[in-house]
Amino acid sequence: PNGEGTWNNPPVQQRAFNDYKNAGFTAVRIPITWDQHTLNYPPYTIDSLWLNRVEQVVDWGLQSGLFIIINAHHESWIKNWYSDSTVARFDSIWSQIAARFQSKSDSLIFEILNEPYPMSSANVNSLNAQVLKIIRKTNPTRIVSYSGYMWSNSDQLVSAAIPDPADKYLIGYYHSYDPSPFGLDGIGTYGSSADINATKAKFDQVTSWSMKYNIPVILDEFGYIDTSDYNSRMCAYGTVVDQALSHGVGAFAWDDGGDFPIYNRYTFGFNEIKDILIHTYPQSPNALKISQVGNAVKIQWHNRNTENDTIIIQRKTGSSSFYNFAKVAPSDSQYIDTLAIPGVKFYYRLRIILKNSIEVQSYPIMINVITTYIKSMSNTTPKFELSDNYPNPFNPSTQITFSLQSQEKVSLKVYNLLGQEVALLINREMNAGGHSVRFSADNLPSGVYIYQLNAGPFISNKKMILLK
């Protein structure tokens, strides 16, 4: 916070703002700590090189067509030692910031102080009012955001004194990593009706306050630590974005490059949270559930719109990218993937193009597929055993073996990872006992393939690797 290169990040690059804009974001909040770049004695001058650098970064953001928020962040020197001298220093800092940026466009927003813990409520209220007056000397119509005391949560915002009730250019901000300890520490899960209702209640609270006092409100920090349960975390991000849109509240996801990653400032790539932030709408499918049925994966969801022609199931593994995997009817609310590979983590999400061409997505959901068999209700013994193929990896052919416990109608098919059938090896009645079939891949490219055995009502999949 006191200099670039902290929080596991390199110095800011102009490309980042272009990437944000191209991804579909409209605003970026830039945390700035002024302490180590400002004199500790009057006239409390801010280092000119630092101020120039801040202005350069701000200009990059504004030139990209983004709204930009700058603030005073992690200023422990005033939060922990609130006194006449520290207040005078803080006043001077904001006086210099306001003067330096007074000619910038209205797309630049000032945030007075981030999370003013452990200052008292009275001191925070006093500081907010005093700094607002200083800013207004040079920026009479610039939007200024403020919060309540402590950690700037919603309760503290609605109980805070309004710095100037007559000021028409104020925004109230609050932070939320709720529920605790899930959001910040990754303990527990998220996704129950109670969890979602609690998230909604926060938005109900701040929008009620906003309407009462005619002051817009933004959620300018929210997030869920990446060590938390994946499916819970994705659901939480999706729920917050959904509720923010439904309530008309601007929301800023916290991205520190460490515990709350979204954009990699070294590789210039986004993870899947970006798509939640951009493509979640009140029309998005939600209430996703995932389970394993035998060797298949079952996905269930709740549809919230009738404005789409089809629902596209997207799938990926590991660090790969999502790709279109299957299509289902717009009224469908479940899908069974029979091509999942045991021992592999699979990620799914739903993609819909509305009639107005807006792309809507669900949040993603993940399952770690384990080796199992589909079994009958009356007999827990598998009706067949599908062996590993040998050799594996192979080139150009491999032997697939399996054993049936009784005569069955058998089909043995090979699929690529896009779910496309590339070979039908068996499709007939077969006797009980051991069987073997050779699969030749002369005309196929290198890659991972799945062979699926259907014997009566029973299904099992295995993977094989073709290396040419």
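Residues numbered from 1 in each chain as written. Predicted model: local features only at pLDDT ≥ 70, side-chain atom pairs only at ≥ 80, totals over all residues. Heavy atoms only, no water.

**Q** A description of the overall build of the chain should follow, citing residues and the corresponding values.
**A** Within the chain, the regular secondary structure consists of 10 helices and 24 strands. Judged by the C-alpha coordinates and their principal axes, the chain covers about 90 × 45 × 40 Å. The buried share of the chain, reckoned over its 468 residues, is 50%. For the chain, the proportion of contacts with a sequence separation of at least 24, taken over those separated by at least 6, is 68%. Here the chain displays about 21,000 Å² of accessible surface, and carbon together with sulfur accounts for 51% of that area. Side-chain charges in the chain split into 38 positive and 40 negative, and the spacing between the mean points of these groups amounts to 6 Å. (Helix = DSSP H or I, 4+ residues; strand = E, 2+ residues; numbered from the N terminus. Buried < 20%, exposed > 50% of the residue type's maximum accessible area, 1.4 Å probe, protein only. Contact = heavy atoms within 4.5 Å. Areas by Shrake-Rupley, 256 points an atom, 1.4 Å probe, with all protein chains shown as cover. Lys, Arg positive; Asp, Glu negative; His and termini not counted. Charge placed at Lys NZ, Arg CZ, Asp CG, Glu CD.)

**Q** How would you explain the sheet that holds strand E22 (residues 433-440) if you had to name every residue and give the values?
**A** In spatial order, the strands read E18-E19-E22; together these three strands make up an open sheet with antiparallel pairing. Looking at the sheet topology across the chains shown, the edges are occupied by strand E18 (384-386) and E22. Here the average twist between neighbouring strands, direction ignored, is 20°. Sheet analysis places strand E19 (residues 397-404) next to E22, joined by eight bridges and oriented antiparallel. Across the sheet, residue Ser 403 finds its bridge partner in E22, namely Gly 434. (Pairing = 2+ DSSP bridges. Axes fitted to C-alpha atoms, helices over the stretch in contact; angles between N-to-C directions.)

**Q** Which residues make up helix H5 (residues 121-138), and what are the values?
**A** Helical geometry: 3.6 residues make up each α-helical turn, so side chains three or four residues apart lie on a common side. Compared with the 26 Å implied by 1.5 Å per residue over 18 residues, the 27 Å span of H5 between its first and last C-alpha is a close match. Here H5 has its buried residues at Val 124, Asn 125, Leu 127, Asn 128, Ala 129, Val 131, Leu 132, Ile 134, Ile 135 and Arg 136. Tucked into the core, H5 has its buried residues touching helix H3 (76-79), helix H4 (84-100), strand E3 (108-111), strand E4 (144-146) and strand E5 (170-176). (Expected span 1.5 Å × (residues − 1).)

**Q** Could you give an account of the nonpolar core, with specific residues and numbers?
**A** In terms of nonpolar packing, the biggest core is built from 104 residues, with Trp 34, Ile 70, Phe 90, Phe 110 and Tyr 348 touching the most fellow members. Residue contributions to this core peak at eight residues, all from helix H9 (residues 230-247). Once residues lying within four places of it in the same chain are set aside, the contact partners of Phe 110 are Ile 70, Trp 94, Ile 97, Ala 98, Phe 101, Ile 135, Asn 139, Arg 142, Ile 143, Val 144 and Ser 145. (Core = buried A, V, L, I, M, F, W, Y, C linked by side-chain atoms within 4.5 Å.)

**Q** An account of the sheet that holds strand E10 (residues 286-293) is requested, with residue identities and associated values reported.
**A** The antiparallel open sheet is built from three strands, whose spatial order is E10-E11-E14. Every interior strand has two partners, whereas the edge strands, E10 and strand E14 (334-337), have only one. Across the sheet, the axes of successive neighbouring strands diverge by a mean angle of 15°, strand direction being ignored. Relative to strand E11 (residues 296-302), E10 runs antiparallel, the two sharing six bridges. The residue bridging Asn 286 from the neighbouring strand is His 302, located in E11.

**Q** Would you mind going over the pairing of strand E24 (residues 458-466) in detail, with residue names and values included?
**A** Where burial is concerned, most of E24 is hidden: seven out of the nine residues are buried. Looking at chain direction, strand E23 (residues 447-455) and E24 are connected through nine bridges and run antiparallel. Note that in E24 the partner of Ile 450 across the bridge is Lys 463. Joining the antiparallel neighbours E23 and E24 is a turn of two residues, in which Gly 456 adopts a positive phi near 60°.

**Q** How would you explain the environment of Pro 445 if you had to name every residue and give the values?
**A** Checked against the element boundaries, Pro 445 lands in the loop between E22 and E23. Taking the C-alpha atoms as reference points, Pro 445 and Arg 53, separated by 392 residues in sequence, lie 51 Å from one another.

**Q** Which residues make up the environment of Glu 4, and what values go with them?
**A** You can see Glu 4 is positioned in the segment before helix H1 (14-23). A polar side-chain atom of Glu 4 sits 2.8 Å from the main-chain amide nitrogen of Val 12. A polar contact of 2.7 Å, which involves the side chain of Glu 4, links it to the side chain of Arg 53. (Polar contact = N/O pair within 3.5 Å; in protein donor to acceptor, adjacent residues only side chain to side chain.)

**Q** Would you mind going over the packing of helix H8 (residues 193-213) against H9 in detail, with residue names and values included?
**A** Close contact between H8 and H9 brings their axes to 10 Å; oriented N to C, the two are set at 30°. Classified by the interaxial angle, the pair formed by H8 and H9 is roughly parallel. Remark: the crossing between H8 and H9 carries right-handed chirality. Contacts between H8 and H9 involve Ile 196, Thr 199, Lys 200, Phe 203, Asp 204 and Thr 207 from the former and Thr 239, Val 240, Gln 243, Ala 244 and His 247 from the latter. Its residues assigned to classes, the contact of H8 with H9 shows four nonpolar, five polar and two charged. (Parallel < 35°, antiparallel > 145°, perpendicular 65-115°, else oblique. Left-handed = near helix turned anticlockwise from the far one by under 90°. Nonpolar A, V, L, I, M, F, W, Y, C, P; charged D, E, K, R; others polar.)

**Q** Report on H8, specifying residues and quantitative values.
**A** For H8, built from 21 residues, the straight-helix expectation of 30 Å at 1.5 Å per residue is met to within 8% by its first-to-last C-alpha distance of 30 Å. When H8 is considered as a whole, its buried residues turn out to be Asp 195, Thr 199, Phe 203, Val 206, Thr 207, Trp 209 and Ser 210. Viewed along the axis of H8, the buried residues span an arc of 155°, placing them on a single side of the element. Residues of H8 that are exposed and angled more than 90 degrees away from the buried face: Ser 193, Ala 194, Asn 197, Met 211 and Lys 212. Structurally, H8 contributes buried residues whose contacts are with E4, helix H6 (154-158), E5, strand E6 (217-222) and H9. Just beyond H8, the residue with positive phi is Asn 214, at close to 55°. (Arc of directions from axis to C-beta.)

**Q** Go over the packing of aromatic side chains, please, and point to the residues and values.
**A** Enumeration according to the criterion identifies 20 aromatic pairs in this entry. Relative to Phe 90, the ring of Trp 77 has its centre 6.1 Å away and its plane inclined at 55°; by these criteria the two rings are tilted. A residue pair is termed long-range when its members are at least 10 positions apart, and Trp 77 in helix H3 and Phe 90 in helix H4 qualify at 13 residues. By way of ring pairs, the aromatic residues Phe 17, Tyr 20, Phe 25, Tyr 263 and Phe 270 are connected into one cluster. Note that Arg 89 overlies the ring of Trp 77, its terminal NZ or CZ placed 4.4 Å from the centroid. Note that Lys 316 overlies the ring of Tyr 347, its terminal NZ or CZ placed 4.7 Å from the centroid. (Phe/Tyr/Trp six-rings, centres within 6.5 Å; stacked < 30°, edge-to-face > 60°. Lys NZ or Arg CZ within 6 Å of the ring centre and 35° of its normal.)

**Q** Account for the environment of Trp 94, with residues named and values stated.
**A** Relative to the elements of secondary structure, Trp 94 occurs in helix H4. Overall, Trp 94 belongs to the buried group, its relative accessible area being 0%. For the pair formed by Trp 94 and Gly 258, sequence separation is 164 residues and the distance between their alpha carbons is 29 Å. Excluding its chain neighbours within four sequence positions, the residues that come into contact with Trp 94 are Ile 70, Asn 71, Ala 72, Phe 110, Glu 111, Ile 112, Val 131, Ile 134 and Ile 135.

Honestly, that's just the spatial picture; any functional story needs more than this.
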